[in-house]
Amino acid sequence: MLELQHVSAHYGPIQALAEVDLVVRAGEIVTLIGANGAGKSTLMTTLFGTPRASSGRILLEGEDITALPPHRIARRGMALVPEGRRVFAKMSVYENLLLGATPLDGAHVEENLRRVFSLFPVLETRRAQRAGTLSGGEQQMLAIGRALMSEPRLLLLDEPSLGLAPLVIRTIFRTIVALNREHGLTILLVEQNARQALKIAHRGYVLQNGRIVLEGSGAALLADPQVRAAYLDAAS
Amino acid sequence: MTAAALAAPSPLALRLRDALAVTLLGGLLALPFIGLVTVEEGGALAVRTRWSAWAMTLAAIFFGRLALRAALDAWHTRRPARKRAAFSSTDAVLRRAAGTSLLAAALLLPVFFGDNRYVIDTATTLGIYVMLGWGLNVVVGLAGLLDLGYVAFYAVGAYTYALLSTQFGWSFWEALPAAGALAALFGILLGYPVLRLRGDYLAIVTLGFGEIIRVVLLNWTSFSGGPNGIGGIPRPSFFGLPFARSAEGQTFHEFFGLEFSPMHRLIFLYYLIVTLALLTHALVSRLRVLPTGRAWEALREDEIACKSLGINTTTVKLSAFATGAMLAGFAGVFFAARQGFISPESFTFAESATILAIVVLGGMGSQLGVVLAAAVLVVLPEVGRQFADYRMLVFGAAMVTIMAVRPMGLLARREPTVRLNPARSSAP
Ligand SMILES: Nc1ncnc2c1ncn2[C@@H]1O[C@H](COP(=O)(O)OP(=O)(O)O)[C@@H](O)[C@H]1O
Ligand SMILES: [Mg+2]
């Protein structure tokens, strides 16, 4: 579904991604783990063209999207839930969701709203409320719901558990699994919370200083002594 | 008691420190202005010091600041910041009531003050500023793009009408769409180079753009008449009937069998700007509930999130600049038609600053707030005229008071663009 071939990306002179090769197949949950500053968020936003890949190719469902402008990429069935949620704080929950439907130019809004509300009933009760006044967990649900409004086939999640209480994190992870199993969504999940991410992922990649240093099935990475030492023991 | 609580300075200490800091700054500023004075001594200028006056100023600043701080703190504790989560419906009702009464007042004004030239003139000026405020509100309040050169588009509109009418005989209504389109084009022209700029940088470039337009108008004498401006701009007529004592064809007062009065034209101009302003309001309100307007606000809230949602930030920004510029262009046409004479002097940075002040004081993005702020900024200097020398002082004090008491603007609360019907929420 998604394929990165030797993708590099830079912020000015700083190299943030170095020759990254990564594949996400249809129906999979793939997780990308790595320390702070490893380049995980950069990888996500590079898929949307900011920063642009300085070399390499990005293929989405076999088509080259490396040079497409961001608003075109979002129309190809890929949606990003950005790091830190980034809901439109002064706008209502409802308006946030409507904005998520932009790539469809307002098509199927009613159905998609209904789907999002059935997934996150709390959003329906809060739909007239300012997004900025929601709790962290609710904001994360809104950010995910907003992304789902564009009917993506591939959902990118950047640290959805960031700053949330353990109980809320569990709900979010359950939702991610449900989206994958029941709704057939392919998911690329970036997490610092490596243990939980690897548990639900089919496969995983480990990013270090902009390079993929390890890849394997979720279970294999969980058992890997290197991964355990670097990302699991300290974190748990 | 914890160590942290012990270490925290008391409110009194904080206030004293604050007052000292302000006094220090004020003292520095007052040193040349008050502490030093030039006197004529044997035909030459000499500088004398006035330490006692300076010391009194310092004392006044210190105690004044203490009192102000105390008053403000008392005000804020008495009315704790209400953090209501949901959009309140009483708010909406109040707004609608206020809007309706303002509209009624605007429509009825000439009925009560029809023979008062001063009132009608001031109200017309107010109308222009309301329209400009609503236009700039699109750019600054909704899209969050700080534009310090807004007056440039106002100038484009005014000069378009002035030139088209004096050189090519276009009528007001013919020139209006042309001027709006041209101003919008200039908006896009400005928008392109600043697409990647934000905040301070954007402010500087737009400021420069406003000055460029003014300087070009000032110096391109063969085109714009330079500093002499353009005179003899035709006044709008009432569907072809001129407001004159006598004319070749029929005049307004002859047609309606009225006695000639110069007030007819002024009242007509007043209703014209009210109409234009209402059209502006209708357009902006409509756009706000369409995806275009929603995208403007999303852009103001978070540009990165916009990009990840597939919103084309380029077109969103350009459409905001173009819409705002077009509305200023319309206002400019009206201005030229009303004055009959325009020159670059009417389009200085001070004008941009006033319009921006209206938007900021009104509470960015609030349509009703713009009206209230425009009223404050237009009417207050008029009222202040009685105080002659203290006029600008009163004006400044009022601005400072508003920003101190309502730092987010007169009406900071944003109205939702989508009203939800609670009765429908249980339906599938
Ligand atoms: N906008 C930016 N400008 C410059 N450097 C950046 C920017 N964003 C991230 N970086 C740098 O790129 C590297 C990767 O950052 P990021 O992708 O945010 O890592 P992660 O998401 O894994 O924590 C870091 O060294 C960071 O400092
Ligand atoms: Mg990150």
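Residues numbered from 1 in each chain as written. Chains lettered and ligands numbered in written order. Predicted model: local features only at pLDDT ≥ 70, side-chain atom pairs only at ≥ 80, totals over all residues. Heavy atoms only, no water.

This brings us to the coordination of the magnesium ion (ligand 2). Residues and elements named next belong to chain A. Around the magnesium ion (ligand 2), the protein supplies Ser41 (OG) and Glu83 (OE) as donor atoms, at distances of 2.0 to 2.5 Å. Placement of the pair is serine 41 in helix α1 (residues 40-47) and glutamate 83 in the loop between β6 (78-81) and α3 (93-100), with a sequence separation of 42 residues. With relative accessibility at 22%, the residue serine 41 sits in the partly exposed group. (Donors = N, O, S within 2.8 Å, 3.2 Å for Na, K, Ca; no water. Helix = DSSP H or I, 4+ residues; strand = E, 2+ residues; numbered from the N terminus. Buried < 20%, exposed > 50% of the residue type's maximum accessible area, 1.4 Å probe, protein only.)

Tallying each qualifying case throughout the model produces 2 cavities of 30 Å³ or more. When its volume is computed, the second largest cavity comes out at roughly 40 Å³. If you go around the second largest cavity, the residues you meet are Ala74, Met78, Ala79, Gly100, Pro103, Arg146, Ala147 and Ser150 of chain A together with Ser308 and Leu309 of chain B. Breaking the lining of the second largest cavity down by element, the ones donating at least two residues are β6 and α6 (136-148) of chain A. Of the residues belonging to the lining of the second largest cavity, the class tally is 6 nonpolar, 3 polar and 1 charged. (1 Å grid on protein atoms, 1.4 Å probe; cavity = no way out; pocket = protein on both sides within 12 Å on 5 of 7 lines; lining within 4 Å. Points joined across faces, edges and corners; volume = space filled by probe spheres on them. Nonpolar A, V, L, I, M, F, W, Y, C, P; charged D, E, K, R; others polar.)

All right, on to the domain arrangement of chain B then. You can read the domains of chain B as domain 1 (10-37 + 54-65) and domain 2 (106-416). Each of domain 1 of chain B and domain 2 of chain B has a C-alpha centre, and these two points are 40 Å apart. (Domains from an automatic or database assignment.)

Another aspect to go through is the domain arrangement of chain A. Residue and element names in this part refer to chain A. One can read the domain layout of chain A as domain 1 (1-77 + 154-236) and domain 2 (86-152). Between the C-alpha centres of domain 1 and domain 2 the distance comes to 23 Å. Each side of the interface is counted separately: domain 1 has 16 residues, and domain 2 has 13 residues. Taken together, both faces of the contact between domain 1 and domain 2 bury some 1,200 Å²; the carbon and sulfur share is 75%. Connecting domain 1 to domain 2 are 1 salt bridge. (Contact = heavy atoms within 4.5 Å. Buried area = accessible area lost by both parts, 1.4 Å probe. Salt bridge = Lys/Arg side-chain N within 4 Å of Asp/Glu carboxyl O.)

Attention shifts here to the sheet that holds strand β8 (residues 186-191) of chain A. All names here are of chain A. Across the sheet, 6 strands lie side by side as β6-β7-β8-β3-β9-β10; this open sheet has mixed pairing. The open sheet has two edge strands, β6 and β10 (211-217), and neither has a second partner. In this sheet, neighbouring strand axes are inclined to one another by 15° on average, regardless of whether the strands run parallel or antiparallel. Here 5 bridges tie strand β3 (residues 29-34) to β8, and the two strands are oriented parallel to one another. Paired with valine 30 across the strands is leucine 188, a residue of β8. (Pairing = 2+ DSSP bridges. Axes fitted to C-alpha atoms, helices over the stretch in contact; angles between N-to-C directions.)

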